Amino acid sequence: AQSVTQLGSHVSVSEGALVLLRCNYSSSVPPYLFWYVQYPNQGLQLLLKYTSAATLVKGINGFEAEFKKSETSFHLTKPSAHMRDAAEYFCAVSDGWIQGAQKLVFGQGTRLTINP
Amino acid sequence: DAGVIQSPRHEVTEMGQEVTLRCKPISGHDYLFWYRQTMMRGLELLIYFNNNVPIDDSGMPEDRFSAKMPNASFSTLKIQPSEPRDSAVYFCASSFFQARSTLHFGNGTRLTVT
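Report on the accompanying structure. (Residues numbered from 1 in each chain as written. Chains lettered and ligands numbered in written order. Predicted model: local features only at pLDDT ≥ 70, side-chain atom pairs only at ≥ 80, totals over all residues. Heavy atoms only, no water.)

Next up on the list: the overall build of chain B. From N to C terminus, chain B includes 0 helices and 11 strands. Listed by position from the N terminus, the elements making up chain B come as β-β-β-β-β-β-β-β-β-β-β. Taken against the 2.2 N^0.38 rule, which gives 13 Å for 114 residues, the C-alpha radius of gyration of chain B at 13 Å falls within 12% of a compact globule. Its C-alpha atoms put chain B at 40 × 25 × 25 Å along the principal axes. The buried share among the 114 residues of chain B stands at 48%. When contacts within chain B are restricted to residue pairs at least 6 apart in sequence, long-range pairs at least 24 apart make up 54% of them. (Helix = DSSP H or I, 4+ residues; strand = E, 2+ residues; numbered from the N terminus. Rg over C-alpha atoms; globule rule 2.2 N^0.38 Å. Buried < 20%, exposed > 50% of the residue type's maximum accessible area, 1.4 Å probe, protein only. Contact = heavy atoms within 4.5 Å.)

Here's what the structure looks like:
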């Protein structure tokens, strides 16, 4: 079964600083990997996804993530944080095209705070 | 497109009462999911449907929970009887197969059972 571990339930950075949110996964088959963002009182929105194409994936709002099979990681980065990036971020994994491919397993989430 | 629509946004009920949560997926999507979010357990998949048929309900916590999808544009999640430990935010999400697992979430229903 797949699983996701997000290192750090809370991350705080200054506005303009690098954002790095860590995600490690476990999967017995080639995974699909996702980052979602959740703003207060809203549902989750897709930031970006890896589906076995390019290992460096660019998403919305200036975020990107790199799939590293050797490290079983899919860390999320953004070069320069904005106040509007304050939210909770979730990493998720699925089994790709196997039956149940649509079934995502989410990490516990990382709350990102941006300091002025 | 209006996105995934959930109702109500907030529900407060007393222990023992029946609660019904509703979801309208995005038109044309063939997968529908129910997730529950709590501080302690994070996001848990309760059940999902493909073409209105339940595929995996292994996440449904107990027999008090039931879900139906009578047609492609409507699903319900029912809790009967409700208990305080059911208090959580319940999300509905939909997707279509060609989108490679990209889920579109509703804004959730915040359930409080007193």
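Structure's up, so let's keep going.
Backbone-to-backbone hydrogen bonds join strands into a sheet, with any given pair of strands oriented parallel or antiparallel. All names here are of chain B. With antiparallel pairing, the 4 strands of this open sheet are ordered in space as β1-β3-β8-β7. Either end of the sheet is taken by a strand with one partner, and the two such strands are β1 (5–7) and β7 (65–71). Neighbouring strand axes in the sheet, compared pairwise and without regard to direction, differ in orientation by 15 degrees on average. Where β1 and strand β3 (residues 19–24) come together, 3 bridges link them in antiparallel fashion. Across the sheet, residue Ile5 finds its bridge partner in β3, namely Lys24. (Pairing = 2+ DSSP bridges. Axes fitted to C-alpha atoms, helices over the stretch in contact; angles between N-to-C directions.)

This part takes up the environment of B:Thr112. Residues and elements named next belong to chain B. The residue Thr112 is located in strand β11 (residues 109–113) in this model. Sequence-wise, Thr112 and Met15 are 97 residues apart; in three dimensions their C-alpha atoms are separated by 9.5 Å. In this structure Thr112 touches Glu11, Val12, Thr13 and Ser87, once residues within four positions along its chain are discounted.

In this assembly, 27 residues from chain B lie in contact with 22 residues from chain A. Both faces combined, the contact of chain B with chain A buries some 2000 Å², and carbon together with sulfur accounts for 51% of it. Summed over the shared surface of chain B and chain A, the number is 0 salt bridges. Taken together, the links from chain B to chain A amount to 6 residue pairs in polar contact (both at pLDDT 80 or more). (Buried area = accessible area lost by both parts, 1.4 Å probe. Salt bridge = Lys/Arg side-chain N within 4 Å of Asp/Glu carboxyl O. Polar contact = N/O pair within 3.5 Å; in protein donor to acceptor, adjacent residues only side chain to side chain.)

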